[in-house]
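Listed below are the residues making up each chain.
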Amino acid sequence: QTKQRMAMIFKDYQQKPMFIVLPQFDELFPRGSVQRIIDRFVDKLDLSEVEKTYKEGGCPPYHPKVLLKVVLYAYSRNIYGCRPIADLCRLDMICQWFTNFESPSFSTINRFRSEHMGLERTLKVFSELVEILVGDGLISFEQCTYVDGTTVESRASRTKLVWNQTCRRY
């Protein structure tokens, strides 16, 4: 007896670019979400001092508000490196919405943070945003443990030979 093999039926496969119609922003993100707060917060900021740091000529840069929204959103997701932020811009729908579906490179993000924003401006803007989030009750500092990446020696490792030598030496 010979069994006839049935033809396998697969799902339709077409690897061609498809354009989809996205729903309105109001439908995607609920009111009070972090991305909405970041969007409104940055739109209200006066970034004229940051705009003065840009030089004329060359390729037009991204607007500082766009990059600041991306950076603050990445920080809210515990992403701090320039390369992971650039990956977030390529892969995350919220970042794509912030950048109008463009993907700034990691060097663009790095240059924005170091040359245009600087540490003082970044700390000021970030602390203002945290105050707003605490005021709205979206984050709280009560009963939280924050770890900054510090290496802490455990009690069990004190008996090791290396630890004993360090104790004696210092």
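Our structure's up above, just so we're on the same page.
The residue numbering used here restarts from 1 in each chain and proceeds along that chain's sequence as written. Local features are withheld for residues below a pLDDT of 70 in this predicted model, meaning they are given only at 70 or higher, and side-chain atom pairs are given and counted only at 80 or more; totals for whole chains, interfaces and linings count all residues. Excluded from the side-chain calculation are hydrogens and water; included are all heavy atoms of the structure.

Undergrad: What's the story with the packing of aromatic side chains in this structure? I'm lost.
TA: The geometry of an aromatic ring pair comes down to the distance between the two centres and the angle between the two planes. Planes of paired rings set the category: under 30 degrees apart is stacked, over 60 is edge-to-face and the rest tilted, where pairs are Phe, Tyr or Trp rings (Trp by its six-membered ring) whose centres lie within 6.5 Å. If you walk through the whole model with that rule in mind, you get 4 aromatic pairs. Relative to F98, the ring of Y73 lies with its centre 6.0 Å away and its plane at 75 degrees, an arrangement referred to as edge-to-face. Taken together, the positions of Y73 in helix α4 (residues 64-76) and F98 in helix α6 (residues 93-98) put the pair 25 residues apart, joining distant regions of the chain. Per residue, the accessibility class of Y73 equals that of F98, and both read buried. In textbook terms, an aromatic cluster arises when at least three aromatic residues are bridged by ring pairs, as seen for Y73, W97 and F98. As a reminder, the over-ring test applies to NZ of lysine and CZ of arginine, requiring each to be within 6 Å of the ring centre and within 35 degrees of the ring normal. Against the face of F106 rests R83, its NZ or CZ located 3.7 Å from the ring centre. Elements are defined by DSSP. Helices are runs of H or I of four residues or more, strands are runs of E of two residues or more, and each kind is numbered from the N terminus. Residue exposure (1.4 Å probe, protein chains only): buried if accessible area is under 20% of the type maximum, exposed if over 50%, otherwise partly exposed.

Undergrad: Looking at this structure, I do not really get the nonpolar core. What am I missing?
TA: Generally speaking, a soluble globular protein has its nonpolar side chains buried in company with each other. Put simply, a nonpolar core is a bunch of buried Ala, Val, Leu, Ile, Met, Phe, Trp, Tyr and Cys residues held in one set by side-chain atoms that sit within 4.5 Å of each other. By size, the foremost hydrophobic cluster in this structure holds 32 residues, and its most contacted members are L68, L72 and F112. For this core, the secondary structure elements donating two or more residues are α2 (34-44), α4, α5 (82-91), α6 and α7 (106-135).

Undergrad: Got a minute to help me understand the environment of I139 in this structure?
TA: Following the sequence through the fold, I139 ends up in the loop between α7 and α8 (161-169). The contact partners of I139, leaving out residues within four places of it in the chain, are V130, L133 and V134. Throughout, a residue-residue contact means that at least one pair of heavy atoms, one from each residue, lies within 4.5 Å.

Undergrad: How should the packing of α2 against α7 be read in this particular structure?
TA: A packed helix pair is summarised by two numbers, namely the angle formed by the two axes and the spacing between the axes. Interaxial angle, 0 to 180 degrees, is taken between N-to-C directions of lines fitted to C-alpha atoms, where a helix line uses only the stretch in contact. As a packed pair, α2 and α7 sit with axes 11 Å apart at the nearest point and diverge in direction by 130 degrees. Regarding the angle of α2 to α7, the classification is oblique. Note that α2 runs across α7; the crossing there is right-handed. Here α2 contributes I37, I38 and F41 to the contact with α7, which in turn contributes V125, E128, L129, I132 and L133. Three residue categories are used. Nonpolar comprises Ala, Val, Leu, Ile, Met, Phe, Trp, Tyr, Cys and Pro, charged comprises Asp, Glu, Lys and Arg, and polar comprises the others, including Gly. Partitioning the contact of α2 with α7 into residue classes produces 7 nonpolar, no polar and 1 charged. To sort the angles, those under 35 degrees are grouped as roughly parallel, those over 145 as roughly antiparallel, those from 65 to 115 as roughly perpendicular, and the leftovers as oblique. Less than a right angle of anticlockwise turn of the near helix away from the far helix marks a crossing as left-handed, whereas a clockwise turn marks it as right-handed.

Undergrad: Can you walk me through α5 in this structure?
TA: For an α-helix, 3.6 residues make a turn, and residues three or four places apart therefore share a direction. Among the residues of α5, C82, I85, A86, L88 and C89 are the ones counted as buried. Taken down its axis, α5 places every buried residue within 155 degrees of arc, on the same side. α5 presents R83 and L91 as exposed residues on the side facing more than 90 degrees away from its buried surface. Elements in contact with the buried residues of α5: α4, α6 and α7. Read the arc as the range of directions from the helix axis to the C-beta atoms.

Undergrad: What exactly am I supposed to notice about unusual backbone geometry here?
TA: A positive phi angle is found at N78, which is not glycine, with a value near 60 degrees. With respect to the element layout, N78 can be found in the loop between α4 and α5. Phi is positive for F101, which is not a glycine, with a value near 60 degrees. When you line up the elements, F101 lands in the loop between α6 and α7. Look at F101 and you get partly exposed, because its relative accessible area is 47%.

Undergrad: Sorry, what's going on with the side chain of R113 here?
TA: In this fold, R113 is placed in helix α7. When charges are tallied, Lys and Arg are placed among the positive residues and Asp and Glu among the negative ones, while His and the ends of the chain are skipped. Any Lys or Arg side-chain nitrogen found within 4 Å of a carboxyl oxygen on Asp or Glu counts as a salt bridge. It turns out R113 is buried and unbridged, and the closest side chain with the opposite charge, E115, is 12 Å from it. Every residue in contact with R113, bar those within four places of it in the chain, is listed here: V71, Y75, Y80, G81, C82, I85, G118 and T122.

Undergrad: Explanation requested: the side chain of K69 in the structure shown.
TA: Mapped onto the elements, K69 comes out in helix α4. Look past the residues within four positions of K69 in its chain and what remains in contact with it is I38, D39, V42, D43 and F98.

These figures capture arrangement, not role.
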